[in-house]
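Listed here are the chains, written in short residue letters.
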Amino acid sequence: MILEKTGKICDGLYSIGYHFIPAFLLMSDPPVLFDAGLTIAGPRYLEDMREYVGNPDRLGYIFLTHSHYDHCGAVPFLKRNIPGVKIVTSAPAAATLQKETAVQLMKSLNNDYENKFRKFIGTEDVSFDSISVDQTVKDGDEFNLGSDWVIQVMATPGHTRDSVSYYIPKIKALIPGEATGVLNGNYDIQSEFSSSYHDYVHSLERLATLDVEILLLPHVHVLTGEDAKKHFVNSLNAAQALKERIENRLDAFNGDRDAAIEAIVKEDYDESQAVLQDKRSFLLNLQAKVKAVAEGR
């Protein structure tokens, strides 16, 4: 099944916020939030937590999959409103979140949405600033949070160098960030090997060994049952197909990356109109993917 709405996913697990940029709330002890996307979603995350958790101060952790603006944009807002919550991510992501250049880019990209969707914010201060990480995780780490809620950490680089995924054995749920790609408006897989094609494929192959009944994609879609299980093979095929397309475009334009990028943007963004992503962000990710393929990473 493919779900495209927020709310209860199964006992103990909820999608909160807006369906195009959800966060995932686990009702462990203490409760945990996975990712916290755009700044504009911060007030809605807080509102939904009041509905499901009661007092948001009960929230124990925010686990981040990686350091992109649309996965951690609302963290400063939530930290201001829930001072006791602990922020958890990989050590490389923690370092990135302290870099001034990264902070300014994330602030700028979030500002695009703040200007476009001012009605979501009201009078709230949702501004983005640097994020101080309380605890770092690495491949193989586990968190035991009571009532048989265990969170297993897997390093899954490829989309970014700092990406990690979280697996919850009790409900066979996986939160991969963008390590398995995302679905576009036609339900085709948009591959996201922005830092390394080879790492991305290796991470996908590792994730495919898990017993996954619930796959929590970071934008719009939650996959369950057979749709979740077959997604990994489909994602591997999509990654290979995109790599070959990039190689073909580079060959056609004698290695000119800008020309190759322009051709793919026209095909995938302008003509298909199926991409569920802001064009500026799509272009930045595509530039990184073309670089990864051109340099053989």
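Now for a description of the structure that goes with this document. (Residues numbered from 1 in each chain as written. Predicted model: local features only at pLDDT ≥ 70, side-chain atom pairs only at ≥ 80, totals over all residues. Heavy atoms only, no water.)

## Section: the sheet that holds strand β3 (residues 13-18)
On the basis of which strands lie adjacent, the open sheet formed by seven strands has the order β2-β3-β4-β5-β6-β7-β8 and mixed pairing. Edge strands, defined here as strands with exactly one partner in the open sheet, are β2 (7-10) and β8 (135-137). Between one strand axis and the next, the sheet turns through 25 degrees on average, direction left out of account. Two elements, strand β7 (residues 86-90) and β8, share three bridges in a ladder whose sense is parallel. By the bridge assignment, V88 is partnered in β8 with Q135. With respect to the sheet, helix α1 (residues 42-52) is in contact with β2, β3, β4 (21-26) and β5 (32-34), its orientation differing from that of β3 by roughly 145 degrees. (Pairing = 2+ DSSP bridges. Helix = DSSP H or I, 4+ residues; strand = E, 2+ residues; numbered from the N terminus. Axes fitted to C-alpha atoms, helices over the stretch in contact; angles between N-to-C directions. Contact = heavy atoms within 4.5 Å.)

## Here we look at the pairing of β4
Of all the six residues making up β4, six are buried; the element is thus mostly covered by neighbouring parts of the structure. Burial of β4 is two-sided: the residues I21, A23 and L25 facing one way and the residues P22, F24 and L26 facing the other way are all buried. The turn linking β3 back onto β4 is made up of two residues. The sheet contact formed by β4 and β5 spans three bridges and is antiparallel. Across the sheet, L25 pairs through a bridge with L33, a residue of β5. (Buried < 20%, exposed > 50% of the residue type's maximum accessible area, 1.4 Å probe, protein only.)

## So, the layout of surface pockets
What the largest pocket holds in volume is close to 1200 Å³. Forming the boundary of the largest pocket are 43 residues, of which H68, Y69, D70, H159 and N285 lie nearest the centre. Elements that contribute at least two residues to the lining of the largest pocket include exactly α2 (69-72), α4 (91-96), α5 (100-116), β13 (182-183) and α9 (279-294). In the lining of the largest pocket, the residues fall into 19 nonpolar, 14 polar and 10 charged. Size it by volume and the second largest pocket reaches roughly 240 Å³. Of all the elements in the fold, those that place two or more residues in the lining of the second largest pocket are β14 (189-190), α7 (225-252), α8 (257-271) and α9. (1 Å grid on protein atoms, 1.4 Å probe; cavity = no way out; pocket = protein on both sides within 12 Å on 5 of 7 lines; lining within 4 Å. Points joined across faces, edges and corners; volume = space filled by probe spheres on them. Nonpolar A, V, L, I, M, F, W, Y, C, P; charged D, E, K, R; others polar.)

## Focus: the side chain of S235
Relative to the assigned elements, S235 resides in helix α7. S235 sits in the buried class, given a relative accessible area of 0%. Other than its neighbours up to four places away in sequence, S235 contacts T180, G181, I189, S191, Y200 and L204.

## Some details on the packing of helix α6 (residues 197-207) against α7
Remark: α6 packs on α7, axes separated minimally by 9 Å, with the N-to-C direction vectors making an angle of 165 degrees. Judged by the angle between their axes, α6 and α7 are roughly antiparallel. Along this stretch, α6 crosses α7, giving a crossing that reads as left-handed. Only F232, S235, L236, A239, Q240 and K243 of α7 make contact with α6, whose side of the interface consists of Y197, Y200, V201, L204, E205 and L207. (Parallel < 35°, antiparallel > 145°, perpendicular 65-115°, else oblique. Left-handed = near helix turned anticlockwise from the far one by under 90°.)

## Observations concerning the sheet that holds strand β16 (residues 222-224)
Strands belonging to one sheet form pairs held by backbone hydrogen bonds; the direction of such a pair is parallel or antiparallel. Spatial ordering of the open sheet is given by β1-β16-β15-β12-β11-β10-β9, a layout of seven strands whose pairing is mixed. Strand pairing shows two members of the sheet lacking a second neighbour, β1 (2-3) and β9 (142-144), which therefore form its edges. Across three bridges, the pairing between strand β15 (residues 214-216) and β16 is antiparallel. In the strand pairing of β16, L216 is matched with V222. Against the sheet, α6 touches β10 (150-155), β11 (164-168) and β12 (173-175), its axis set at about 150 degrees to β10.

## Brief notes about empty space enclosed by the protein
Applying the stated criterion to the full structure yields two cavities of 30 Å³ or more. I21, P22, F24, F34, D35, D70, H71, I175, G177, L216, P218 and H219 are the residues that line the largest cavity. Of all the secondary-structure elements, those providing two or more residues to the lining of the largest cavity are β4 and α2. If you tally residues by element for the lining of the largest cavity, the top one is β4, at three residues. Taken together, the residues of the lining of the largest cavity break down into seven nonpolar, three polar and two charged. Here the second largest cavity is characterised by a volume of approximately 30 Å³. Along the walls of the second largest cavity sit K5, T6, S15, H19, P22, L217, V220, H221 and V222, which together make up its complete lining. Across the lining of the second largest cavity, the residue classes tally to four nonpolar, four polar and one charged.

On their own, these measurements won't tell you what the molecule is for.
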